[in-house]
Amino acid sequence: MRVIIIGAGVSGLSLYLWLDKLGLTKAHDITIYERRPDVSLDNGSEISIVGGSIGITANGMRVIHTLDEQLFAEVVQAGHRINSWRISTARGWTLADAPTGGPGDDSVMIGREDFCRCFRKRVPESVTKVKKVLDVEIGSTVNVLKFDDGSSAEADLVVGADGIWSILRRIMFGVQSNAKDYQYAPHYEGLVGVGSYVPANLMQEVPQGQMNIVLGRNGFFGYGIDRGESATSKVARGVCWSTYTLDVLPQDWRKLDCDQAQQQLRARHQHWKNDVIRRIIKEVKIDQVWPTFTTPLLPSWERQGCVLMGDAAHAVQPSSGQGTSMALEDAEALARLLAHHLAVDPRSGHLLACKQYSDLRMPRLAKVHKKAQQLGSMKQDMGVVQELVMYAFVWALAKCSWGKSYNEYVFRYDVGTEVEHAISTGRKQEQLHLAHEDF
Ligand SMILES: Cc1cc2nc3c(=O)[nH]c(=O)nc-3n(C[C@H](O)[C@H](O)[C@H](O)COP(=O)(O)OP(=O)(O)OC[C@H]3O[C@@H](n4cnc5c(N)ncnc54)[C@H](O)[C@@H]3O)c2cc1C
């Protein structure tokens, strides 16, 4: 079978590694197409264009551990283990110290580029080709991809791991490849994020393993260490980010002015009662501005030998802290289902695998999406009363462990168990169907 993965981000790379672990790269022809040379080649760049640091929660770290213990160790080594989130306010009140999971269930904060590098170096260079996919013709037996250099390639299975602006999603939902607006196009959430790396010594009083989020009525500020002092990295590094309301996004939002964003950051947070934030905003150099886009929930993630994963299938608000972990879970689920169904039916098992994958993953993402929207609303501008209500709500939530069941649902998820369950449920339904036909 010919498999083409579009995109060499976390989704595409982790899917390839899972397929390799499960023995599918020997039996099938698998190629990744990536449009950006700086992503597909390990050029050692320090700051990725696609963002600063990411937090990988216990569920995502579990996927990595199951995939490759050595890879897990490298990710931990290149990042910084997080065991608690301190939630405080612009008025200087501490609302909660929330653990990130149970013992041994720590999260990791890590530079996005460091994280991708750990994955990228495990994928053979010959697998990734630098070409931009311009179009996909979805056929009844074979799919044809067209590239920016005029060439084309055929595939039995096309995986859209091509991020929030996914071309495959556009095409699967019946829209011409050059159409920008369609029912499932990314939606701007009215929020913009800025962030950068800062010297770790600006946050000396932050205990080991603590990430900080500070809520206010004119935005949100987060900070912590994203790279510990270690034999490989030598110098510890801090990271900070701030999110604020911007109702109307300019047409040319890809060129939002970093200098202006930096001045606004200072003005926004200078009166906040937090010494670390005051220190950071004096020194920080903003080099990235990210408007927050999400995608609407899709009716399905698969169609006729095409399947979506990661941000291409579900871009949730960064407030969820789940984008990368969900992409990692997608990769394990899709690879396990492909391995199972292709062993049963090597010619068309991938179709059933994609269907089961979509059915399994969509309800989980719907829950995460809903929670992320609630968390995102806490970053919007608000009046004093709303601000105090928000603090009371967060404080009560932490005190009464209201959020516990959601956290357990997210952090304790085990992809292998869920896939086994999906396979056995599918088998039972098939037996029921056959028994019905016999009758
Ligand atoms: C500001 C911000 C903060 C975030 N913080 C967190 C966090 O703390 N924790 C977390 O878990 N998640 C976080 N996320 C979300 C996380 O970054 C994404 O969920 C994750 O990167 C998705 O990975 P992906 O591989 O699906 O997509 P991407 O990382 O977008 O990768 C897609 C790849 O496909 C390539 N591509 C696209 N189109 C084509 C084409 N036509 N042809 C060939 N190649 C193509 C792209 O170049 C890219 O390399 C954050 C996101 C943002 C914006």
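Residues numbered from 1 in each chain as written. Predicted model: local features only at pLDDT ≥ 70, side-chain atom pairs only at ≥ 80, totals over all residues. Heavy atoms only, no water.

Student: An account of the sheet that holds strand β19 (residues 306-308) is needed here, citing residue identities and associated values.
Tutor: Taken together, the six strands give an open sheet; going across it, the order is β8-β2-β1-β12-β19-β18, and neighbouring strands pair in mixed fashion. Looking at which strands have only one partner, the edges of the open sheet turn out to be β8 (128-130) and β18 (302-303). Relative to strand β2 (residues 29-34), strand β1 (residues 2-6) runs parallel, the two sharing five bridges. Across the sheet, Arg 2 pairs through a bridge with Asp 29, a residue of β2. (Pairing = 2+ DSSP bridges. Helix = DSSP H or I, 4+ residues; strand = E, 2+ residues; numbered from the N terminus.)

Student: Which residues make up the side chain of Glu 332, and what values do they have?
Tutor: Mapping Glu 332 onto the fold places it in helix α10 (residues 323-344). Once residues lying within four places of it in the same chain are set aside, the contact partners of Glu 332 are Trp 18, Val 63, Thr 66, Val 415 and Gly 416. (Contact = heavy atoms within 4.5 Å.)

Student: Could you give an account of the side chain of Ser 107, with specific residues and numbers?
Tutor: Mapping Ser 107 onto the fold places it in strand β7 (residues 107-111). Relative accessible area serves as the criterion here: at 5%, Ser 107 is assigned to the buried category. Setting aside residues up to four positions removed in sequence, Ser 107 forms contacts with Ile 56, Thr 57, Ala 58, His 80, Arg 81, Ile 82 and Thr 100. (Buried < 20%, exposed > 50% of the residue type's maximum accessible area, 1.4 Å probe, protein only.)

Student: Please set out the packing of aromatic side chains residue by residue, giving values where relevant.
Tutor: Inspection of every chain in the model, using the stated rule, returns 11 aromatic pairs. Ring centres of Trp 165 and Phe 293 lie 5.0 Å apart, and the angle between their planes is 70°; on these two criteria the pair is classed as edge-to-face. Placement of the pair is Trp 165 in the loop between β12 (157-160) and α7 (167-172) and Phe 293 in strand β17 (residues 288-294), with a sequence separation of 128 residues. Clustering of aromatic rings is evident, with ring pairs tying together Trp 165, Tyr 188, Trp 253 and Phe 293. Above the plane of the ring of Tyr 409 lies Arg 364, whose end atom (NZ or CZ) is 5.0 Å from the centre. In this arrangement the basic side chain of Arg 364 is found over the ring face of Tyr 413, its NZ or CZ atom lying 3.7 Å from the centre. (Phe/Tyr/Trp six-rings, centres within 6.5 Å; stacked < 30°, edge-to-face > 60°. Lys NZ or Arg CZ within 6 Å of the ring centre and 35° of its normal.)

Student: Report on the packing of helix α4 (residues 58-67) against α10, specifying residues and quantitative values.
Tutor: The N-to-C vectors of α4 and α10 enclose an angle of 40°; their axes lie 8 Å apart at closest approach. Comparing their axes, α10 and α4 come out oblique. Relative to α10, α4 is oriented so that their crossing is left-handed. Of the residues in α10, those touching α4 at Asn 59, Gly 60, Val 63, Ile 64 and Thr 66 are Ser 325, Met 326, Leu 328, Glu 329, Glu 332 and Arg 336. Along the lines of polarity and charge, the residues of the contact of α4 with α10 split into four nonpolar, four polar and three charged. (Axes fitted to C-alpha atoms, helices over the stretch in contact; angles between N-to-C directions. Parallel < 35°, antiparallel > 145°, perpendicular 65-115°, else oblique. Left-handed = near helix turned anticlockwise from the far one by under 90°. Nonpolar A, V, L, I, M, F, W, Y, C, P; charged D, E, K, R; others polar.)

Student: Which residues make up empty space enclosed by the protein, and what values go with them?
Tutor: Per the counting criterion, the structure on display carries two cavities of 30 Å³ or more. The computed volume of the largest cavity comes to approximately 40 Å³. Together, Asn 59, Arg 62, Val 63, Thr 66, Glu 329, Glu 332, Tyr 413, Asp 414 and Val 415 line the largest cavity. Contributing elements (two or more residues each) for the lining of the largest cavity: α4 and α10. Taken together, the residues of the lining of the largest cavity sort by class into three nonpolar, two polar and four charged. (1 Å grid on protein atoms, 1.4 Å probe; cavity = no way out; pocket = protein on both sides within 12 Å on 5 of 7 lines; lining within 4 Å. Points joined across faces, edges and corners; volume = space filled by probe spheres on them.)

Student: I'd love a proper account of the nonpolar core, names of residues and values included.
Tutor: One finds Phe 115 and Phe 119 to be the most contacted residues of the largest nonpolar core, which totals 90 residues. No other element matches the 11 residues that α10 contributes to this core. Ignoring anything within four residues of it in the chain, the contact list for Phe 119 reads Leu 13, Ser 14, Leu 17, Ile 64, Leu 67, Leu 71, Val 75 and Leu 328. Ranked by size, the runner-up nonpolar core spans 48 residues in total, among them Ala 96, Met 203, Cys 240 and Phe 293. (Core = buried A, V, L, I, M, F, W, Y, C linked by side-chain atoms within 4.5 Å.)

Student: Any details on the site of the ligand? Residues and values, ideally.
Tutor: In the vicinity of the ligand, 28 residues are found, and the nearest of them are Ser 11, Glu 34, Arg 112, Asp 311 and Thr 324. Between the ligand and Glu 34 there is a distance of 2.7 Å, counted from an oxygen atom to a side-chain nitrogen or oxygen. Within the backbone of Gly 323, one N or O atom sits 3.2 Å away from an oxygen atom of the ligand. Considering every element that reaches the shell around the ligand, the biggest residue donor is α10, with three residues. (Near = heavy atom within 4 Å. Polar contact = N/O pair within 3.5 Å; in protein donor to acceptor, adjacent residues only side chain to side chain.)

Student: Account for the confidence of the model for the protein, naming residues and giving values.
Tutor: Here the protein shows a mean pLDDT of 89. Residues at 70 or above account for 92%. Of the regions scoring below 50 in pLDDT, residues 40-50 engages in 25 contacts with residues more than four places distant in sequence or in other chains. (pLDDT = per-residue confidence, 0-100.)

Student: I'd love a proper account of the pairing of strand β15 (residues 219-227), names of residues and values included.
Tutor: The buried fraction of β15 amounts to nine of the nine residues, a majority that puts the element mostly inside the structure. Summarising the sheet, strand β14 (residues 210-216) and β15 pair through five bridges and their orientation is antiparallel. If you follow Asn 212 over to β15, its bridge partner there is Tyr 223. Hairpin geometry of β14 and β15 is characterised by an intervening segment of two residues between the two adjacent antiparallel strands.

Student: I'd like to hear about the sheet that holds β14, residue by residue, with values.
Tutor: Reading across the sheet, the seven strands line up as β6-β5-β14-β15-β16-β13-β17 and stay open at both edges, with mixed pairing between neighbours. The open sheet has two edge strands, β6 (94-99) and β17, and neither has a second partner. Averaged over all adjacent pairs, the angle separating strand axes in this sheet is 20°, with direction ignored. The sheet contact formed by strand β13 (residues 187-199) and strand β16 (residues 237-245) spans nine bridges and is antiparallel. Within β16, the position partnered with Gly 193 by the bridge is Thr 243.

Student: I'd love a proper account of the layout of surface pockets, names of residues and values included.
Tutor: Taken as a whole, the second largest pocket spans an internal volume of roughly 400 Å³. Lining of the second largest pocket is provided by 19 residues; of these, His 341, Leu 352, Gln 356, Gly 426 and Arg 427 occupy positions nearest its centre. No other element matches helix α14 (residues 415-438), which puts nine residues into the lining of the second largest pocket. Residues belonging to the lining of the second largest pocket are distributed by class as follows: five nonpolar, nine polar and five charged.

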